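Examination of the molecular architecture
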Amino acid sequence: PPSPPQPPSLPLALCRAFSNNKILVELDESSGVATMKFKSPPVNSLSLDFLTEFCISLEKLENDRACRGVILTSAIPKIFSSGLDITEMCGKSMEHYAEFWRAVQEMWLRLYGSNMVTVAAVNGSSPAGGCLVALLCDYRIMVENPKFSIGLNEAQLGIVAPFWFKDTFVNVVGHRVAERSLQLGSLHPTPEAHRIGLVDELVPEDKLQEKAAAVMAQWLALPDHARQLTKSMMRKAVLDRLVAHREEDIQNFISFISKESIQKSLRMYMEMLKKKKS
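How each quantity is defined
Residues numbered from 1 in each chain as written. Predicted model: local features only at pLDDT ≥ 70, side-chain atom pairs only at ≥ 80, totals over all residues. Heavy atoms only, no water. Helix = DSSP H or I, 4+ residues; strand = E, 2+ residues; numbered from the N terminus. Rg over C-alpha atoms; globule rule 2.2 N^0.38 Å. Buried < 20%, exposed > 50% of the residue type's maximum accessible area, 1.4 Å probe, protein only. Contact = heavy atoms within 4.5 Å. Lys, Arg positive; Asp, Glu negative; His and termini not counted. Charge placed at Lys NZ, Arg CZ, Asp CG, Glu CD. Salt bridge = Lys/Arg side-chain N within 4 Å of Asp/Glu carboxyl O. Axes fitted to C-alpha atoms, helices over the stretch in contact; angles between N-to-C directions. Parallel < 35°, antiparallel > 145°, perpendicular 65-115°, else oblique. Left-handed = near helix turned anticlockwise from the far one by under 90°. Core = buried A, V, L, I, M, F, W, Y, C linked by side-chain atoms within 4.5 Å. Pairing = 2+ DSSP bridges.

This part covers the overall build of the protein. Secondary structure assignment for the protein yields 11 helices and 11 strands. Computed over the C-alpha atoms, the radius of gyration of the protein is 19 Å, within 12% of the 19 Å expected from 2.2 N^0.38 for a compact globule of 278 residues. For the C-alpha atoms alone, the extent of the protein along its principal axes is close to 60 × 45 × 45 Å. Within the span of the protein, comprising 278 residues, buried residues form 49% of the whole. Taking the contacts inside the protein whose residues are at least 6 apart along the sequence as the reference set, 73% of them involve residues at least 24 apart. Across the protein, the 32 positively charged side chains and the 31 negatively charged ones have centroids separated by 4 Å.

Shown next as structure tokens:
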């Protein structure tokens, strides 16, 4: 049925929101900028449900003529995203591992290859997959709180960041910094993250949204087609590499993650997290 006519309050009509369970999405049609807020307590972990919802939300925005840019941020204090949900990788079936990994790939392909301007407003810690989400954006702004950290710390859990995580990281910080950081599984405190170029800018917490909007406006001041073609030229080779090896990458993940030694270190890590909580 047709929806009842909206009363003529302009700002409301210009700001469309759609939210699923884990991500709040608002689109301001007057500026063409959407905000995706991660809201999956306790730590915005990238579960299969979260990743599926993320891809659907992103695709909706991608297909919306009114939307030209998206700001990614967290609705949960002190954490941007804690990364891949370890429970999805522990004690599950081969089919489940395949489905989960395909969803991680899909998120990566869609966000890294997005036509929109993407700005990460990182308002908390962002290890592993959380760092990956930020790396996939065009620009990263982080709250200047030295207690927050960001990095691809997979090696600390005894797992290996796949080649496409590595490619994205190298493209942001350069080969040598990436090589050292990945081998040590480093989580970089905010000032260090800025120094190595992992984040582009640090701002006080109360200025984060304002700064993200200003950066977005700067990027949107250019003709979309020129910016989009340039972005595609810069990222295409890396995107194509995963597309060409996608099934093989899924098989590699399954055989790696189902090894008993790996399952054991994931279980130990989960125990440690439980102890930390209590």
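Still to come is the rest of the account.
Next up on the list: the pattern of salt bridges. Scanning the model with the defined rule gives 16 salt bridges in all. Of the charged contacts, one joins Arg235 and Asp138 as a salt bridge, the two residues approaching to 3.4 Å between their closest N and O atoms. Highlighted residues: Arg235 in helix H9 (residues 224-244) and Asp138 in the loop between helix H4 (129-135) and strand E8 (139-143), separated in sequence by 97 residues. Asp138 shares its class with Arg235; the two are buried.

Let us look at the packing of helix H3 (residues 94-112) against helix H10 (residues 246-257). The geometry of H3 relative to H10 is characterised by a closest axis approach of 9 Å and an angle of 130° between their N-to-C directions. Taken as axis vectors, H3 and H10 run oblique relative to one another. As H3 packs across H10, the resulting crossing turns out to be right-handed. Judged by residue contacts, Met94, Tyr97, Ala98, Phe100, Trp101, Arg102, Gln105, Glu106 and Leu109 of H3 engage Arg246, Glu247, Asp249, Ile250, Phe253, Ile254 and Ile257 from H10.

Another aspect to go through is the nonpolar core. Grouped together as the largest cluster of nonpolar side chains are 85 residues, with contacts concentrated most on Met36, Phe54, Leu72, Met107, Trp108, Val119 and Leu198. It is H3 that provides the largest number of residues to this core, a total of 11 residues. Discounting residues that sit within four places of it in the chain, Met107 has contacts with Leu46, Leu51, Phe54, Cys55, Leu132, Val133 and Leu136.

Here the focus is the side chain of Ser149. Structurally, Ser149 can be placed in strand E9 (residues 149-151). When its relative accessible area of 17% is taken as the criterion, Ser149 is described as buried. When sequence neighbours within four positions are dropped, the list of residues in contact with Ser149 reads Ser125, Ser126, Pro127, Met142, Leu187, His188 and Pro189.

Quick look at the pairing of strand E7 (residues 124-127) now. Pairing of strand E5 (residues 78-79) with E7, which is carried by 2 bridges, proceeds in the parallel orientation. Bridged to Lys78 within E7 is Gly124. Direction of pairing for E7 relative to E9: parallel, over a ladder of 2 bridges. Directly across from Ser126, in E9, lies its bridge partner Ile150.

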